[in-house]
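# Architecture and fold: a report
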Amino acid sequence: MPRFSIFILLSIFIFSFFGSVFYGLDAYVLDSNAILVPPSLEHFLGTDRLGRDILARLIEGGKTSLLIGVGSAFIASIIGLLLGSMAGYFKGGVDKGFIILVDLFLTFPTFFLLLALVSYVNASSWVLIVIISITGWMTTARLIRSESFKITSQPYIKILNIAKVDKLKILFKYYAPLLAPIYFVSFTFGVGGAILAESGLSFLGLGIVAPQMSWGTILSSGKDVVEIAWWVSFFPGLMIFLVTFSLINISNYLQQLTNKKEIK
């Protein structure tokens, strides 16, 4: 299953970033003679209500969705790694400040916090990456903090502290390798969560602004014609499902490997 999931993800990445090389239709061209055309040999996945080719739009929108997913998950995981490891290592006032900060963010449901932030700015890929990162680092940070406490209690860490080894060296040389599995698990979950968050915002009309597009905006554009043109919403929804499903499978596999190492 992990291999199949990796294959699906690689195929989708190749499709999104190199598909336009092999598929000649333009995602932005309007065709009044091809409005809501069902899947056919001329338009493999059909067209939307403005006559735009769905397959071409999926290729173009995939770049945006994947960029937002990977970019925001990377930044959020890095923030969580840094804050969580510092809280677990330094403890005391640093840990108390960390708990207060996390509790402050968790006071508001993440998606509603996203809605509040996005409603005050014009959404773009980079804006969404920053906003999703700001609202998505808490889970990773709490996991990293918990594991850091375990590492800090190890005898060799205490010896290093007694020997007054540089704290940054301890964090990067001894903490980072042990925390890497948790980081990668959180990262894979984060990519799927970020894509879903962007899709949800776009579905509500608060995501990517035209002429930019994402799978979420394409999905949203088909909600009013879903009864007569199912393909407009189905195919972007399928892409979102395949990416998130594959990432969940990979995350579960990585978590199993981590658990086996801990048991040994």
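Just above sits the structure.
### Here's the deal with the nonpolar core
Burial of nonpolar side chains together is a common tendency in soluble globular proteins. Core analysis: the largest hydrophobic core is formed by 31 residues, its most contacted members being Ile12, Ile54, Leu58, Trp215, Trp231 and Val243. Mapped onto this core, the elements with two or more residues apiece are helix 1 (2-22), helix 2 (54-90), helix 8 (167-203), helix 9 (215-221) and helix 10 (231-263). Here this core gets 8 residues from one element, more than from any other, and that element is helix 10. If we skip the residues at most four places from it in the chain, Trp215 touches Ile12, Ser16, Leu58, Gly61, Gly62, Ser65, Leu66, Pro236, Met239, Ile240 and Val243. Membership of the second largest hydrophobic core comes to 12 residues, among which are Leu128, Ile132, Ala194 and Ala197.

### Quick word on the environment of Gly190
By secondary structure assignment, the location of Gly190 is in helix 8. For Gly190, a relative accessible area of 24% corresponds to the partly exposed category. Here the alpha-carbon distance between Gly190 and Gly46, two residues 144 residues apart in the chain, equals 31 Å. Sequence-distant contacts of Gly190, that is, excluding residues within four places in its chain, are made with Gly69 and Ala73.

### Some details on the packing of aromatic side chains
All told, the structure shown has 11 aromatic pairs when counted by the stated rule. An angle of 45° between the planes, with centres 5.9 Å apart, marks the rings of Trp230 and Phe235 as tilted. According to the relative accessible area criterion, Trp230 is partly exposed, its value standing at 45%. Given the relative accessible area of 14%, Phe235 is considered buried. A connected cluster of aromatic rings, assembled from ring pairs, spans Trp230, Trp231, Phe234 and Phe235.

What counts, and at which threshold
- Residues numbered from 1 in each chain as written.
- Predicted model: local features only at pLDDT ≥ 70, side-chain atom pairs only at ≥ 80, totals over all residues.
- Heavy atoms only, no water.
- Core = buried A, V, L, I, M, F, W, Y, C linked by side-chain atoms within 4.5 Å.
- Buried < 20%, exposed > 50% of the residue type's maximum accessible area, 1.4 Å probe, protein only.
- Helix = DSSP H or I, 4+ residues; strand = E, 2+ residues; numbered from the N terminus.
- Contact = heavy atoms within 4.5 Å.
- Phe/Tyr/Trp six-rings, centres within 6.5 Å; stacked < 30°, edge-to-face > 60°.

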